[in-house]
Amino acid sequence: MRAVLWRGTRLRSLAGMPMATYEYRCVGCGPFEVRLPIGTAEAVRDCPVCGSSARRHFTAPSLTRVPPAMSAALTREQKSQEVPEVVTSVPSERRRQKPPHPALSRLPRS
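Just so you know, these numbers come straight off a predicted model, no measurement behind them.

It is worth spelling out the overall build of the protein chain at this point. Assigned secondary structure in the protein chain consists of one helix and six strands. A buried classification covers 15% of the 110 residues belonging to the protein chain. Within the protein chain, counting contacts between residues at least 6 apart in sequence, those at least 24 apart form 19% of the total.

All right, on to the packing of aromatic side chains then. The geometry of an aromatic ring pair is captured by two quantities: the separation of the ring centres and the angle between the planes. In this structure the tally under the stated criterion is one aromatic pair. Each ring, one from tyrosine 24 and one from phenylalanine 32, has its centre 5.8 Å from the other, and the planes form 20°; the classification is stacked. Residue classification places phenylalanine 32 among the buried positions, given a relative accessible area of 12%.

Using the criterion set out here, one finds two salt bridges in the structure. Residues glutamate 23 and arginine 25 are paired through a salt bridge, measuring 3.5 Å at the closest nitrogen-oxygen approach. Overall, glutamate 23 belongs to the buried group, its relative accessible area being 16%.

Attention shifts here to the pairing of strand β6 (residues 53–57). Strand direction decides the pairing type here: strand β3 (residues 19–26) and β6, joined by three bridges, are antiparallel. Looking at the pairing, glutamate 23 lines up with histidine 57 of β6. Relative to β6, strand β5 (residues 44–46) runs antiparallel, the two being bridged by three bridges. Note on β6: the bridge partner recorded for valine 44 is arginine 55. The hairpin formed by β5 and β6 contains six residues between the paired strands, and glycine 51 there has a positive phi angle of roughly 85°.

A word on the side chain of glutamate 23. Within the element layout of this structure, glutamate 23 appears in strand β3. For glutamate 23, the side chain forms a polar contact with the side chain of arginine 25, separated by 3.5 Å. Setting aside residues up to four positions removed in sequence, glutamate 23 forms contacts with Pro31, Phe32, Glu33, Arg55, Arg56, His57 and Thr59.

Within the open sheet, the four strands sit side by side as β4-β3-β6-β5. Their pairing is antiparallel. Each of the sheet's edge strands pairs with one partner strand only, and the pair in question is β4 (30–37) and β5. Here the average twist between neighbouring strands, direction ignored, is 40°.

Nonpolar side chains in soluble globular proteins tend to end up buried together. In terms of nonpolar packing, the biggest core is built from ten residues, these being Ala20, Tyr22, Tyr24, Cys26, Phe32, Val34, Leu36, Ala41, Cys47 and Ala54. Secondary-structure elements contributing two or more residues to this core are β3 and β4. Broken down by element, the residue count for this core peaks at four residues, all from β3. Those residues in contact with tyrosine 22 that lie beyond four places of it in its chain are Phe32, Glu33, Val34, Leu36, Pro37, Ile38, Gly39, Thr40, Ala41 and Arg56.

Calculation notes
- Residues numbered from 1 in each chain as written.
- Predicted model: local features only at pLDDT ≥ 70, side-chain atom pairs only at ≥ 80, totals over all residues.
- Heavy atoms only, no water.
- Helix = DSSP H or I, 4+ residues; strand = E, 2+ residues; numbered from the N terminus.
- Buried < 20%, exposed > 50% of the residue type's maximum accessible area, 1.4 Å probe, protein only.
- Contact = heavy atoms within 4.5 Å.
- Phe/Tyr/Trp six-rings, centres within 6.5 Å; stacked < 30°, edge-to-face > 60°.
- Salt bridge = Lys/Arg side-chain N within 4 Å of Asp/Glu carboxyl O.
- Pairing = 2+ DSSP bridges.
- Polar contact = N/O pair within 3.5 Å; in protein donor to acceptor, adjacent residues only side chain to side chain.
- Axes fitted to C-alpha atoms, helices over the stretch in contact; angles between N-to-C directions.
- Core = buried A, V, L, I, M, F, W, Y, C linked by side-chain atoms within 4.5 Å.

Pasting the structure below:
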């Protein structure tokens, strides 16, 4: 079954079955992940690199959802670790200060 990305985070097969990510550990190559329909993972699977048998490793499920803005910020932060953005000039405008709240003008001055 081929998996497709659905709304950025959920994976579903073409048949509409929910997909899950299963982790296996090969003795020689280390861990690798496989996406399969829920409940169809075998206890032992062949390693995609060396072909030896790898046992399924149980991990905590990823139940958190990251908001799109945070996801973009995390992606930008990871990208900047390898290829930081270079600033070539000073920004042209200074940030405008917000006008003070009207209620502050009625406070006593010292």
